[in-house]
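Inside the fold
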Amino acid sequence: MNAIASSIALLLACSSAIAADTTIAIKAAHMVDVRSGTLVDNAVVLISGERITAAGSKLAIPSGAQVIDLGNKTLLPGLIDAHTHITGNPEDAGYSIIAKSIPRITLAGAKNALTTLRAGFTTIRDVGADGYTDIGLRDAINDGDVPGPRILASGPALGITGGHCDDTMHAPEYKATSLGVADGVAEALKVTRRNIKYGADVIKICATGGVLSFGDDPRTSQYTLEELKAIIGDAHRLGRKTAAHAHGGDGIKLSVLAGIDSIEHGSYIDDEGIKLMKEHKTYLVPTLYLGDWLIENAEAIKLPKALLEKAKVVLPQARINIGKAIKAGVPIAFGTDAAVYPHGLNAREFAVLVKLGMTPAQAIRTATVNASDLLGWSDKVGSIEAGKFADLIAVDGEPLKDVRALEQVQWVMKGGAVVKAN
């Protein structure tokens, strides 16, 4: 706890010191142009307040500017993770979650937010949290109460009774039902509107069964097409994007036909699903590295045997199918499912994408321009360009040659304030 308190004090000190200056100039040996996938040498980024005013090679630095010289490091835009559960942790996949209160979960989220930010992820989309904890954390970060990334939050995910997003760990006599459970069109509309009432930026839907839940099959759909159209149509009408947890083929196809903005996981995507997603320009947010971490650490986190057995079947198959989707040209945005494995390891996802056929530049684009497009924030984040938030990271090495360089982020800035400086 002392270490966390010290980190927060450092962040606040850095923030206030930089905010006092009207112009900041960041210098680095290299900068990644994420759109072209090329390096810009002798990079200079000029910042006023929270925003970038100019970026390029050998730009003139205004007199009186505060200069931050990063030497031989490589600059990139702050990374974006479009699939997190910021208030969750790996051990929550077992029965220990039953003993955790909403306040305790929220405080864990504050710790995870700082860890995520320091790992170079300056923006996240949180897609499913108990008790609106992700929305509360988002607001606390926006108000400056605690440090963390920019968050688009969903609140409780919508799901059917007994489905992946319903509580299946309690015995029947406890009558436990998750907050997002909604059956039928009328109830689904009510819960969608309730989530928006309490601050949801995005509506998360559980369209198929899942891995870390009892009694369901990841290959089977849960909501009907009629229910999905109602939820998605109402969310869009009210200005919110939508995301569907969907492992199985039918759930993927139904969600795409209903107008979903992104498919999360996509483990059993087939040729028809690939074709539909390309036609509708629907983003796929694969979450792949967790397949390594979860199986290797299942015993340590006391993962129930039934869930481990599902994981051993689904997660290896996901890499085969998603590899086909990548090669076919399905739009991909970066996501990790952080909480299934520890927060802060998010960047390990990049190497899996490269292993499945992406170039490092393509993998980096998934967590920058692609993810910002999915979030509807292309005018705010995702590239180092004038007018965007001054969300920047720096690494040693050459990430366009070895994407694993992103696993060791050395320096982080969010909104013109330095939040990590090694």
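Scroll up to find the structure.
Residues numbered from 1 in each chain as written. Predicted model: local features only at pLDDT ≥ 70, side-chain atom pairs only at ≥ 80, totals over all residues. Heavy atoms only, no water.

**A short note on the sheet that holds strand 6 (residues 79–84)**
Overall, parallel pairing links the three strands, which are arranged 6-7-8 in an open sheet. Only two strands of the sheet have a single neighbouring strand rather than two, namely strand 6 and strand 8 (150–153). In this sheet, adjacent strand axes meet at a mean angle of 15 degrees when their direction is disregarded. (Pairing = 2+ DSSP bridges. Helix = DSSP H or I, 4+ residues; strand = E, 2+ residues; numbered from the N terminus. Axes fitted to C-alpha atoms, helices over the stretch in contact; angles between N-to-C directions.)

**Re the state of the cysteines**
On inspection of all chains with the given rule, the structure shows one disulfide. A disulfide bridge connects Cys 165 with Cys 206, and the sulfur atoms are separated by 1.7 Å. Taken together, the positions of Cys 165 in the loop between strand 8 and helix 4 (184–197) and Cys 206 in strand 9 (residues 202–206) put the pair 41 residues apart, joining distant regions of the chain. Assessed through its relative accessible area of 15%, Cys 165 is described here as buried. Looking at Cys 206, the relative accessible area reads 0%, which means it is buried. (Disulfide = S-S within 2.5 Å. Buried < 20%, exposed > 50% of the residue type's maximum accessible area, 1.4 Å probe, protein only.)

**Points about the side chain of Asp 166**
In this structure, Asp 166 sits in the loop between strand 8 and helix 4. No salt bridge forms around the buried Asp 166; measuring N to O, its nearest opposite-charge neighbour Arg 194 is 11 Å away. Apart from residues no more than four positions distant in its own chain, Asp 166 is found in contact with Ile 160, Thr 161, Ala 176, Thr 177, Ser 178 and Val 181. (Lys, Arg positive; Asp, Glu negative; His and termini not counted. Salt bridge = Lys/Arg side-chain N within 4 Å of Asp/Glu carboxyl O. Contact = heavy atoms within 4.5 Å.)

**Some points on the environment of Ala 328**
Its place among the elements puts Ala 328 in helix 9 (residues 305–328). The partly exposed category is assigned to Ala 328, whose relative accessible area is 30%. In this structure the C-alpha to C-alpha distance between Ala 328 and Leu 294, which are 34 residues apart in sequence, comes to 28 Å. Non-local contacts of Ala 328, meaning those with residues more than four positions away in its chain, are made with Ile 274 and Lys 278.

**Remarks on the pattern of salt bridges**
What the rule picks out here adds up to 19 salt bridges. Salt-bridge contacts for Asp 201 lead to Arg 138; the nearest nitrogen and oxygen are separated by 2.7 Å. Residue Asp 201 is located in the loop between helix 4 and strand 9, and its partner Arg 138 is located in helix 3 (residues 133–142); the two are separated by 63 residues in the primary sequence. Classification of Asp 201 as partly exposed rests on a relative accessible area of 27%. Here the salt bridges do not stand alone but share partners, grouping Arg 35, Glu 385 and Lys 388 into one network.

**Here's the deal with the pairing of strand 14 (residues 409–414)**
The buried count for strand 14 comes to six of six residues, which makes it a mostly enclosed element. Where strand 13 (residues 392–395) and strand 14 come together, four bridges link them in antiparallel fashion. Across the sheet, residue Val 395 finds its bridge partner in strand 14, namely Val 409. Pairing analysis gives four bridges linking strand 14 to strand 15 (residues 417–421), with the strands arranged antiparallel. Looking across to strand 15, one finds that Lys 414 is bridged to Ala 417. Here strand 14 folds back onto strand 15 in antiparallel fashion, the turn holding two residues, of which Gly 415 has a positive phi close to 55 degrees.

**Some remarks on helix 10 (residues 348–355)**
Here helix 10 has its buried residues at Glu 349, Phe 350, Ala 351, Val 352 and Leu 353. Where the residues of helix 10 are buried, they touch strand 6, strand 7 (121–126), helix 9 and helix 11 (360–366). Phi turns positive one or two residues past the end of helix 10, at Gly 357, with a value near 125 degrees.

**Describing unusual backbone geometry**
With the exception of glycine, most residues fall at negative phi, and the peptide bonds are largely trans. Not every positive phi belongs to a glycine, and Tyr 132 is a case in point at roughly 60 degrees. If you trace the backbone, Tyr 132 turns up in the loop between strand 7 and helix 3. Relative accessible area serves as the criterion here: at 15%, Tyr 132 is assigned to the buried category. Positive phi is not limited to glycine here, since Lys 302 has a value of about 60 degrees. Mapped onto the secondary structure, Lys 302 falls in the loop between helix 8 (290–296) and helix 9. Judged by its relative accessible area of 67%, Lys 302 falls in the exposed class.

**Examining the nonpolar core**
Of all hydrophobic cores here, the largest spans 88 residues; its most connected members are Ile 263, Phe 350 and Leu 406. With nine residues, the single largest contributor to this core is helix 9. Excluding anything up to four places from it in sequence, Phe 350 contacts Leu 79, Phe 121, Phe 334, Ala 363, Ile 364, Ala 367, Val 403 and Leu 406. Residues Ala 28, Ile 47, Leu 70 and Ala 394 belong to the second largest nonpolar core, which totals 18 residues. (Core = buried A, V, L, I, M, F, W, Y, C linked by side-chain atoms within 4.5 Å.)

**What about the packing of aromatic side chains?**
The final tally for this structure, using the stated rule, is five aromatic pairs. Ring geometry for Tyr 95 against Phe 214: centres 6.0 Å apart, planes inclined by 25 degrees, an arrangement best described as stacked. Here the residue Tyr 95 occupies a position in the loop between strand 6 and helix 2 (102–118), and Phe 214 occupies one in the loop between strand 9 and helix 5 (225–237), the gap between them amounting to 119 residues. The rings of Phe 121, Phe 334 and Phe 350 are connected pair by pair, giving a single aromatic cluster. A cation over an aromatic ring shows up here: Arg 150 above the ring of Phe 389, its NZ or CZ 3.7 Å from the ring centre. (Phe/Tyr/Trp six-rings, centres within 6.5 Å; stacked < 30°, edge-to-face > 60°. Lys NZ or Arg CZ within 6 Å of the ring centre and 35° of its normal.)

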